[in-house]
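Residue-level structural notes
Each chain, written out:
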Amino acid sequence: MRYLKWKEEFLSPEVKEKALSELKKVVVQCKACDLASTCTNKVFADGNPNAKIMLIGEAPGADEDASGVPFVGRAGKLLTQFLSEVGFDRKKDFYIVNTVKCRPPNNRVPSDFEKKCCSDYLSAQINIVQPKVIVLCGATALKSFSTKEYKISDIRGQWIDLFGEIKAMAIFHPSYLLRNHSLDEGSPRDLTKKDLIRIKNFVEKN
Ligand code: SF4
């Protein structure tokens, strides 16, 4: 995926708010790919534009499409619960987006063309928010940025070099955790909690 160059200059909260508001107006009008004709709402972002962490998911699902807010369905609620359990406040500590702003029909994986069409919006969000950490939530988000054939089960929990100065880590998608209930040591839920703690420790020191 094309990624705009990281801008060094500091953006104040006021500048960020204005820039994101302008960007959202463009996204709402966007018809660059066919997903515009089947979605109900554009799902722009949720959370704090001044957060140190940006979480990037795959694509809106039915609940997100209906509400216009990312990660609000069952998987989103589980994500919020996990964040809370390790001491994060989702609304304060995260800025949450998806690789595409429109829901693909029947929750299919967005195509490479659709992701490419939407990539400038995501790049602009990264450049405006200026996070210290990007969390790639699930295999599709990971594949959108990496040219290597990473398996999420192998690479999750490790810092990966995908965004220049911004640290990146992949974690399991909460929809995968919905199908895996075990809390045993080494289970997907246990590993995800440990990954989130690792991210929390990093941002507390940076
Ligand atoms: S998915 Fe992105 S590029 Fe496609 S119509 Fe929606 S906002 Fe535009």
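These numbers were taken from a predicted model, which means no experiment stands behind them.

**A look at unusual backbone geometry**
- Of note in the backbone geometry, Asn-106 takes a positive phi value of approximately 55° without being a glycine.
- Relative to the elements of secondary structure, Asn-106 occurs in the loop between strand 3 (94-98) and helix 5 (112-129).
- Residue Asn-106 is classed as exposed on the basis of its 7 C-beta neighbours within 10 Å.
- Even without being a glycine, Asn-107 presents a positive backbone phi close to 60°.
- Of the residues examined, Asn-107 has 13 C-beta atoms within 10 Å and is grouped as partly exposed.

**Topic: the packing of helix 1 (residues 13-29) against helix 5**
- Viewed as axis vectors pointing N to C, helix 1 and helix 5 meet at an angle of 170°, and their least axial separation amounts to 10 Å. Judged by the angle between their axes, helix 1 and helix 5 are roughly antiparallel. Counting all contacts with helix 1, which are made through Lys-16, Ala-19, Leu-20, Leu-23 and Val-27, the residues of helix 5 involved are Tyr-121, Ala-124, Gln-125, Ile-128 and Val-129.
- Classifying every residue of the contact of helix 1 with helix 5 by side-chain character gives eight nonpolar, one polar and one charged.

Quick notes on the rules
Residues numbered from 1 in each chain as written. Predicted model: local features only at pLDDT ≥ 70, side-chain atom pairs only at ≥ 80, totals over all residues. Helix = DSSP H or I, 4+ residues; strand = E, 2+ residues; numbered from the N terminus. Buried ≥ 20, exposed ≤ 12 C-beta atoms within 10 Å, placed from the backbone. Axes fitted to C-alpha atoms, helices over the stretch in contact; angles between N-to-C directions. Parallel < 35°, antiparallel > 145°, perpendicular 65-115°, else oblique. Contact = placed C-beta atoms within 7 Å. Nonpolar A, V, L, I, M, F, W, Y, C, P; charged D, E, K, R; others polar.

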